[in-house]
Amino acid sequence: MAAPDSTAVRTALWRALHVAVDPPPHVFADELGLRLADPGDGWRARDDMDPATAGRYRAGMVARARFVEDLVAEQAARGVGQYVILGAGLDTFAQRRPEIASRLRVYEVDQPGPQAWKRARLAELGVGVPDWLHFVPVDFETASWWDRLTAAGFAPGEPAVVASTGVSMYLTAEANAATLRRIAGFAPGSTLAMTFMLPAGLLDEGERARHRATARRAEAAGTPFVSSFSPAEMLTMARAAGFREVSHVSGAELDERYFAGRTDGLRVVRGEEFLVATTG
């Protein structure tokens with residue numbers, strides 16, 4: 001039973017660090033992910049958890065998580081009844097937000113080993129798995145996530161929200177295009193929120209240095225970055241896939257939405273932005 005990859009663990013720890021070291025109001029409060037990861041007492045001493053140097057990274061993690069959950073809440077209020085999380089990792093939406101999640105059928109799609117590990121940890125922590133939460137184990141290299149999703153009860157004829165954060169950069173351009181085509185075929189009224197990485201050439205010098213450091217960590221962990229897209233390229237690819245409406249949400253927009261007025265300087269690290277696309 002494989003443990004979650006280092007990226008999923010780091011994301012969970014950065015979310016917890018936001019609550020631990022940043023003053024309220026907290027953009028996103030998730031301490032269950034820390035309990036799931038169970039990193040040991042010394043996790044705050046990790047190099048990548050230094051509050052000063054990791055500030056913009058944890059801001060990016062909490063902003064993108066908040067953005068997705070705001071979207072899910074908005075769509076659930078409209079009557080959308082399905083939520084698909086591609087590459088769920090240590091996501092804890094179903095446990096933290098039952099007032100929204102219980103009105104949905106939530107599908108967590110991830111690799112079989114890490115997902116089995118997560119289920120075991122939830123059981124160890126005494127956190128139940130409600131009937132509306134469905135785990136969808138998929139070996140992405142050998143199986144179709146779509147086939148496994150429908151086998152788990154997903155209703156293709158009903159609209160859904162689909163979230164894919166921190167995934168696209170590990171896939172080829174062809175694989176990303178195929179994923180977009182598949183989701184563009186979901187029922188009308190479905191919405192996709194997907195992050196994508198900007199090419200280094202679109203970043204300023206300081207941001208390029210951060211990008212290189214992140215890329216080195218990813219490669220050292222055995223999960224190298226494979227693709228990046230300009231906003232125009234991503235919007236063009238989404239339109240070609242068949243989405244009715246497409247939009248780009250920049251890091252600056254996330255700063256304005258979630259960090260405006262803060263005096264602690266917390267801002268999103270540049271380099272990873274959102275595509276939001278709806279089916280017609």
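**Q** Teacher, can you tell me more about the packing of aromatic side chains here?
**A** When we look at a pair of aromatic rings, we describe it by the centre distance and by the angle of the planes. In the structure shown here, the tally under the stated rule is 9 aromatic pairs. Ring centres of Tyr 107 and Phe 154 lie 5.8 Å apart, and the angle between their planes is 80 degrees; this geometry places the pair in the edge-to-face category. Placement of the pair is Tyr 107 in strand β2 (residues 105–110) and Phe 154 in the loop between α7 (145–151) and β4 (161–164), with a sequence separation of 47 residues. The exposure class assigned to Tyr 107 is buried, which follows from its relative accessible area of 0%. Here the aromatic rings of Trp 146 and Phe 154 are separated by 5.9 Å at their centres, their planes lie at 75 degrees, and the arrangement is edge-to-face. You'll find Trp 146 and Phe 154 in the same group, each marked buried. Members of the aromatic cluster, joined through ring pairs, are Tyr 107, Trp 145, Trp 146, Phe 154 and Phe 186. In this structure, Arg 10 is placed above the aromatic ring of Trp 14, and the distance from its NZ or CZ to the ring centre is 6.0 Å. Across from the ring centre of Trp 43, 6.0 Å away, lies the NZ or CZ of Arg 44, which sits over that ring.

**Q** What's the story with the side chain of His 18 in this structure? I'm lost.
**A** Tracing the sequence through the fold places His 18 in helix α1 (residues 6–21). Overall, His 18 belongs to the buried group, its relative accessible area being 0%. Beyond its immediate sequence surroundings of up to four residues, His 18 is in contact with His 26, Val 27, Phe 28, Arg 58, Val 62 and Leu 266.

**Q** Where do I start with the sheet that holds strand β7 (residues 272–278) in this structure?
**A** In a beta sheet, neighbouring strands pair by backbone hydrogen bonds and run either parallel or antiparallel. Read across the open sheet, the 7 strands follow the order β3-β2-β1-β4-β5-β7-β6; overall the sheet is mixed. Among the strands making up the open sheet, the edge pair consists of β3 (133–137) and β6 (245–249). Each neighbouring strand pair of the sheet contributes to a mean axis angle of 15 degrees, computed without reference to strand direction. As defined by bridge partners, β6 adjoins β7 across 5 bridges and the pair is classed as antiparallel. If you follow His 248 over to β7, its bridge partner there is Leu 275. The sheet contacts of helix α10 (residues 231–241) involve β5 (191–197), β6 and β7, and relative to β6 the element is tilted by about 160 degrees.

What counts as what
Sequence positions are assigned chain by chain, starting from 1 and proceeding in written order. At least 70 in pLDDT is required for a residue's local features to be given in this predicted model, at least 80 for side-chain atom pairs to be given and counted, and no such filter applies to totals for whole chains, interfaces and linings, which use all residues. With hydrogens and water set aside, each side-chain value is computed from the structure's full complement of heavy atoms. Here is the rule: rings of Phe, Tyr and Trp (six-membered ring for Trp) pair when centre to centre is within 6.5 Å. Planes less than 30 degrees apart are stacked, more than 60 are edge-to-face, and the remainder are tilted. Numbering goes from the N terminus for both helices and strands, where a helix is a DSSP run of H or I of at least four residues and a strand is a run of E of at least two. Burial classes: relative accessible area under 20% of the type maximum marks a residue as buried, over 50% as exposed, and values in between as partly exposed (1.4 Å probe, protein chains only). Any Lys NZ or Arg CZ found within 6 Å of a ring centre and within 35 degrees of that ring's normal is scored as a charge over the ring. Throughout, a contact is declared for two residues whenever any of their heavy atoms are within 4.5 Å. Here, strands pair whenever DSSP counts at least two bridges between them. Axis definition: a line fitted to C-alpha atoms, over the contacting stretch in the case of helices. Angles run 0 to 180 degrees between N-to-C directions.

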